[in-house]
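# Architecture and fold: a report
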Amino acid sequence: MQIDLRTVAIQPQRQAFDHLVRRFGDKAASRYQEGSYDIQAAENLHYRPTWDPDHQLYDASLTRIVMADWYALKDPRQFYYSTYTLTRARQQETAEANFSFVESRGLADMLPDAQRAVALNVLVPLRHAAWGANQNNTTVCGYGYGVVFTQPCMYHAMDNLGVAQYLSRLGLLLGDTEALDAGKKAWMDDATWQPLRRYVEDCLACRDPFELFVAQNLALDGLLYPLVYERIVDQHLSAQGASAVAMLTQFMSDWFDETRKWVDAVIKVAAAESEANRAVLTEWIRQWSARAASAMVPVVELALGSGADEAVGEQLEAFKARVLKTGITL
Amino acid sequence: MSTVFIALQANEETRPIIEAIEIDNPQAVVHRQPAMVKIDAQGRLVIRRATIEEQLGRDFDLQEIHINLISLTGHVVEDDETLTLSWND
Amino acid sequence: MDMKVTKKKLGLKDKYKLMTRDLGWEPSYHSKDELYPYMNYEGIKIHDWDKWEDPFRLTMDAYWKYQAEKERKFYAIIDAHAQNNGHLNLTDARYLSALKIFLQAISPGEYAAHRGFARVGREFPGVGPQVACQMQAIDEIRHAQTQIHAMSNYNRYYNGFHAFADQRDRIWYTSVARSFFDDAMSAGPFEFMIAIGFSFEYVLTNLLFVPFMSGAAYNGDMATVTFGFSAQSDEARHMTLGLEVIKFILEQDPDNLPIVQNWIDKWFWRGFRVLGLVSTMMDYMLPKRVMSWREAWDIYGVENGGALFKDLARYGIKPPKGWDDAEKAIDHMSHQFMLGLYQWSFGTAFHAWIPSDDDMRWLSAKYPDTFDQYYRPRWEHIKKLAAAGTPFKNYGLAKLCQTCQLPTVFTEPDDPTLTCHRETVYKGEKYHFCSDGCQHIFENEPEKYIQAWLPMPQLFQDPVNGDLGEWMKWVSLLDGKDNGDYAGSEDQKNFEAWRGLATTNQ
């Protein structure tokens, strides 16, 4: 016999798990809260890492940033696995539709040669930069402290991989495997790409998780995404009749708009925590963004030629304005 | 020869997959358990896209199996057309 | 001008290679050793990372698509389960003890695996294994979250769930599972992969999830069935990763064999001890039982594990050193655990109970060589004490094994009447073990295991200072609610009253 359980009105014994009641009061907790707060072991860790015996398995002192509570660094998107995956699945559908639109109507073949060359020259080597970003965010997730800070970095890392894969598909679509080979060769050997590759490798060598977050997600991506996807693809190439390229990079544009809000929120809370944090963040952002800007100049030149300096300069000003809103004056 | 197995959730989506596995692997033994179907086979089990498509009446991507997969054993070899489980012994 | 170029038709393998391996490059501004600093200290030799075979070739777009579909299904079911008082469909609320242990001990392990895989997903200098490990890292946080979400509704109605985060770090029995994951994470990247990727995921995970979830299905717990099977669909990828890892390491250099064998020996035994609690769940905690622990072991341990090690023999791998001792323990362990849980149930945030006559008949049928001879008499004695109003409680402190952290309740492999106990003196300190397996593990790495946080000595330190009430407060255990015998518990009273409301017109 199936009993009709909906008709039973019974009183719950409690609203939420104890640790969430302590943080948010005696009320039902959201799934983001349940899946994020205090689920990293915090006490009585058993053994020191054999690969780094000077630290604990989870160790907040791996970074120069100091937080009284690392769970203050809330993700404004409140992404936990489910909301994250559903969001990306929707975007993935759009990207798929865009790719198949461009393919089925032969739009890739109709691109003017010059614009196709710009798209390939600028975008294809960036698949390697995106792979670097993936590894850097994986580092932050692996070694950062507190789930609300580390969890979105894992999502971000997978997004970076997704971007690298979309760029690879774009390369295949516009120039077949030869385009990927040429892009990799440029990434390895062309003078144009060496400052950026050096930047990415320097990030890979950085083991302060918060500094790495700043160097990759704020300083580099904060300049690279608007310069490449807004200025070069959406504006420059589209104006020259190559808007098909913008369809293939819509994921990246939308993704940057969404994720920058999270990056800003993290920086803002960390900077507001103390003058010491603010000073460290200011120093990092200054150093890394100056380097990122100069690494971007030769890349932007591939598309904008002599206009590159000006474009990067303008973007750097916009970046400073963005950072100012997080409470940091560069 | 050792046994390989694949276990799938028991639902409408897996019915044609299981039928296809039975067609392609006459030696396989199908165990129906609550919420789960476990298929054992001696040495080797092959899942073919084409056979699933015949049962299903639509295009099928072998990676769709992930949605309802519970477990498997053996070495996995996957290409566009087949997913094979086997032991080397 | 016709610019149409004929695109090469790329097969799944070639395409996946371009989407992963081809993304990597040889660094030149820093040395590889600097960027991947933990690759050498374990002694594993890898000559060519490109020899790595990717078992499943999921690109991110496919990953998002299929995982989103799984997520939609999962949350639809647990929402319905919560809205319709699905918990009253359980066969009996004592079943929930199994879920309480799961949430306090296993879900935190899922989180630890998430972080561990993020670390190895960064540290391997090969894109193939990096991507596979990263996917596992993101899957593992999924598992932690779906488990917490599935059990959140039980927490609203039943005791023992509410303090899982506090108890993960403080209560004595969860340190069994946590020390296991801490042990793996504090090891190097290759050992971590053998520990979690191979030994746990491949050799043992079916024993945890498949019978557990079938048990949930038999006992009306659709929420758990759903998170379990949904997680298992990821496990199939993880298991395959575990098998690829071991093949890859062994094929790279013959010198890797003894190191890997040593890890397999160690991690099989560590995993066997942690998963031992599943035996109790299967044999005692399910009101309606699926199969015995012995039967599950025969399928997933003997048959599958046997096939696996027969396959790996071509590399020179032997079955784990503890395999025979494990086999000898199978018919005893669930009873030994449950007797332990019952006598220490004042200190657990879940209930234990005395098996009913009916339960005992089932146990004798499933364990004809051991139950009536060794364990029924003890339960009968305990039953008498309970009937006389003097229930058996062991307020003495359990002696914990320095390695696996379980109380030393197990017997000698060849003599079920004799408790197994081993000691090692290291730097003037005496350490206790439950078995030869755990003693060997300690003796191979004493400097690691002397660091273990042991929950019992903590009892005599600040803020507890030997006071049981203070200890309960410190571990967030509500005396008289969360702990003790299921018979007479709040959970029992509430469940029966609520079920009464649903099945009668009162």
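Since this is a predicted model, take the numbers as computed values, not measurements. (Residues numbered from 1 in each chain as written. Chains lettered and ligands numbered in written order. Predicted model: local features only at pLDDT ≥ 70, side-chain atom pairs only at ≥ 80, totals over all residues. Heavy atoms only, no water.)

## Observations regarding the overall build of chain A
For clarity, the cut-off: Only runs of H or I of at least four residues qualify as helices and only runs of E of at least two qualify as strands under DSSP, and these elements are numbered from the N terminus. Relative accessible area decides the class of each residue, using a 1.4 Å probe on protein chains only: under 20% of the type maximum gives buried, over 50% gives exposed, and in between gives partly exposed. Residues counted as positive are Lys and Arg, residues counted as negative are Asp and Glu, and His and the chain ends are not counted. Where a charge sits is defined by one atom per residue type, namely NZ (Lys), CZ (Arg), CG (Asp) or CD (Glu).
Counting secondary structure elements, chain A contains 13 helices and zero strands. Once the C-alpha set of chain A is aligned to its principal axes, its extents read approximately 70 × 60 × 40 Å. Scored against the burial criterion, the 330 residues of chain A give a buried share of 63%. Across chain A, 31 positive and 41 negative side-chain charges occur, with their mean positions spaced 4 Å apart.

## Some words on the pattern of salt bridges
Counted only if it meets this: When a carboxyl oxygen of Asp or Glu is within 4 Å of a side-chain nitrogen of Lys or Arg, the pair counts as a salt bridge.
Scanning the model with the defined rule gives 69 salt bridges over all chains in all. Here Arg127 of chain A ties to Asp22 of chain C by a salt bridge, and the two come within 3.0 Å at their closest N and O atoms. One end of the pair, Arg127 of chain A, is in helix α6 (residues 126-143); the other, Asp22 of chain C, is in the loop between α1 (12-19) and α2 (32-35), on a second chain. Comparing Arg127 of chain A with Asp22 of chain C, the two get one shared label, buried. Among the salt bridges present, the one from Asp234 of chain C reaches Arg142 of chain C, with a minimum N-O distance of 2.7 Å. Of this pair, Asp234 of chain C sits in helix α9 (residues 222-252) while Arg142 of chain C sits in helix α5 (residues 127-157), and the two are 92 residues apart along the sequence. Accessibility classification places Asp234 of chain C together with Arg142 of chain C in one group, the buried group.

## Quick notes on the environment of Thr192 of chain A
Structurally, Thr192 of chain A is set in the loop between α7 (147-189) and α8 (194-205). The sequence separation of Thr192 of chain A and Pro298 of chain A amounts to 106 residues, and the corresponding C-alpha distance is 5.1 Å.

## Thoughts on helix α4 (residues 96-123) of chain C
All names here are of chain C. The test is simple: One fewer than the residue count of a helix, multiplied by 1.5 Å, yields its expected span. Fitting axes to the seven residues ending at a residue and to the seven starting there, one defines the bend at that residue as the angle between these axes.
The terminal C-alpha atoms of α4, which comprises 28 residues, lie 39 Å apart, in line with the 40 Å expected from a rise of 1.5 Å per residue. Of all the bends found along α4, the most pronounced is centred on Leu103 and spans about 40 degrees. With 28 of its 28 residues buried, α4 lies for the most part within the structure.

## Examining the packing of aromatic side chains
Just so we agree on the cut-off: Working definition: rings of Phe, Tyr and Trp (its six-membered ring) pair if their centres are within 6.5 Å, and the pair is stacked with planes under 30 degrees apart, edge-to-face with planes over 60 apart, and tilted otherwise.
Tallied over the full model, the rule gives 62 aromatic pairs over all chains. On the basis of an interplanar angle of 45 degrees and a centroid distance of 5.6 Å, the ring pair of Trp51 of chain A and Tyr38 of chain C is categorised as tilted. Taken together, the positions of Trp51 of chain A in the loop between α2 (31-36) and α3 (81-104) and Tyr38 of chain C in the loop between α2 and α3 (60-83) put the pair across two chains. Accessibility assignment for this pair places Trp51 of chain A and Tyr38 of chain C in one class, buried. Among the aromatic residues, those joined into a cluster by ring pairs are Phe198, Tyr202, Phe268, Trp269, Phe272, Trp297, Phe309 and Trp323 of chain C.

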